[in-house]
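# Inside the fold
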Amino acid sequence: MAHARHLVSDCRNLLGRIVYQIVCLVKIIWLGFWLFAATAFVFFPIIIAGYFTSNGNFAFNMAKVWARIILKITGVKLIVTGKENIDKKVTYIIISNHQSHFDGPVIAAGLGIQFRWVAKKELLKIPVFGHALYACGNIFVDRENREKSIGMIKEGMKRLPSGTGVMFFAEGTRSEEGEIGTFKKGGFFAAIETGFPILPVTINGSNKVLPKGGIVFSSNPIDVRVGNPIETKNYSKDNIENLMQTTRDCIISMQRNVDR
């Protein structure tokens, strides 16, 4: 009798694992299909706009459409608080933590302002796609040369329309377990050089939707919190560490657990 119960239990466990693997496969195919479809939908308008417009605003708006599609088809609920801290007439250096590949879409869809990304210069070498990224007004840096990168950021910011911010993931890479890692100085140098205020943003829960190294998404909510802008005019390269710590403390203070 005991042997029979164990056999039934083993069969249930096996069936459960098979069902789980099937669900995971379906999710991978589902996301892959919509990534392709959504990208195809916005790609050509972005390319065309890149050739005929110079400010990149239309291209960024199409990127927001892409982001909303991805959030919709994955069932991810986006919760944004603190948007009242944003003045749309002000140019911000946006500093955020980084947990997941979903961070880009949630920031684009959630903040409601125009901004551009800082990306590695190697992306410019990709045919057509590289031109589209440049035409959108995104800024490219040489990660092997910090001083050159700062110059490229300043030059790139001169091309931006008034009121368009620049987005930095301060850690430079996704965190493993959602913890906030060490900040890199690039975004803070840009803020000090330009005098633009820093807009601190905390992303909560995206690591539960798609963790680093993962390929199967979960339909968990993502909570984005916007802090009070941090003025940078009283900072210099000599006390940049203080600015970094102030920003990091603010981002950490907005961390919270996100449940279903």
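Before reading further, recall that the structure is shown in the block above.
Below: a short report on this structure. Sequence order as written defines the numbering, with residues in each chain counted from 1. Restriction of local features to residues with pLDDT of at least 70 applies here, the model being predicted, together with a cutoff of 80 or more for giving and counting side-chain atom pairs; totals for whole chains, interfaces and linings are based on all residues. Computation of side-chain values covers all heavy atoms of the structure but excludes hydrogens and water.

Let us look at the environment of Thr-53. Here a strand is any run of E in DSSP of at least two residues, a helix any run of H or I of at least four, and the numbering for each starts at the N terminus. Take Thr-53: it is sitting in the loop between helix H1 (2-52) and helix H2 (57-74). Exposure is judged per residue with a 1.4 Å probe applied to protein chains only, and the accessible area is read against the type maximum: over 50% gives exposed, under 20% gives buried, and values in between give partly exposed. Residue Thr-53 is classed as partly exposed on the basis of its relative accessible area, which comes to 37%. The spacing of Thr-53 and Cys-136 is 83 residues in sequence and 8.9 Å in space, taken between C-alpha atoms.

Our focus in this paragraph is the packing of helix H6 (residues 186-194) against helix H8 (residues 240-253). In the contact formed by H6 and H8, the axes pass within 10 Å of each other and the chain directions differ by 115°. Considering their axes alone, H6 and H8 lie roughly perpendicular with respect to each other. Judged by the sense of rotation from one axis to the other, the crossing of H6 with H8 is right-handed. Residues Phe-188, Phe-189 and Ile-192 of H6 lie in contact with H8, whose contacting residues are Ile-240, Leu-243, Met-244 and Thr-247. Residues are grouped as follows: Ala, Val, Leu, Ile, Met, Phe, Trp, Tyr, Cys and Pro are nonpolar; Asp, Glu, Lys and Arg are charged; all remaining types, including Gly, are polar. Split into classes, the residues belonging to the contact of H6 with H8 amount to six nonpolar, one polar and no charged. Axis geometry follows a simple rule: fit a line to the C-alpha atoms, using only the stretch in contact for helices, then measure angles between N-to-C directions, giving values from 0 to 180 degrees. Roughly parallel refers to an angle under 35 degrees, roughly antiparallel to one over 145, roughly perpendicular to one between 65 and 115, and oblique to any angle outside these ranges. Should the near helix be turned anticlockwise from the far one by less than a right angle, the crossing is left-handed, and should it be turned clockwise, the crossing is right-handed. The contact criterion used throughout is that any non-hydrogen atoms of two residues lie within 4.5 Å.

Further remarks concern the pattern of salt bridges. Basic side-chain nitrogens of Lys or Arg form a salt bridge, by our definition, when they fall within 4 Å of a carboxyl oxygen of Asp or Glu. Taken as a whole and assessed by the stated rule, the structure comprises three salt bridges. For Glu-241, the salt bridge is made with Lys-185, and the minimal N-O distance between the two is 3.2 Å. Of this pair, Glu-241 sits in helix H8 while Lys-185 sits in the loop between strand S5 (165-169) and H6, and the two are 56 residues apart along the sequence. Look at Glu-241 and you get partly exposed, because its relative accessible area is 46%. Looking at Lys-185, the relative accessible area reads 28%, which means it is partly exposed. In this structure, Glu-193 engages Lys-237 in a salt bridge whose closest nitrogen and oxygen atoms are separated by 3.4 Å.

With that settled, consider the pairing of strand S7 (residues 222-226). Taken across its five residues, S7 has four buried, putting it largely inside the fold. When DSSP finds at least two bridges between two strands, those strands are taken to pair. Direction of pairing for strand S1 (residues 78-81) relative to S7: parallel, over a ladder of four bridges. Considered in S7, the bridge of Thr-81 is made with Arg-225. For strand S6 (residues 198-204) and S7, the ladder comprises four bridges, and the chain directions are antiparallel. Following the sheet pairing, Thr-202 is matched in S7 by Arg-225.

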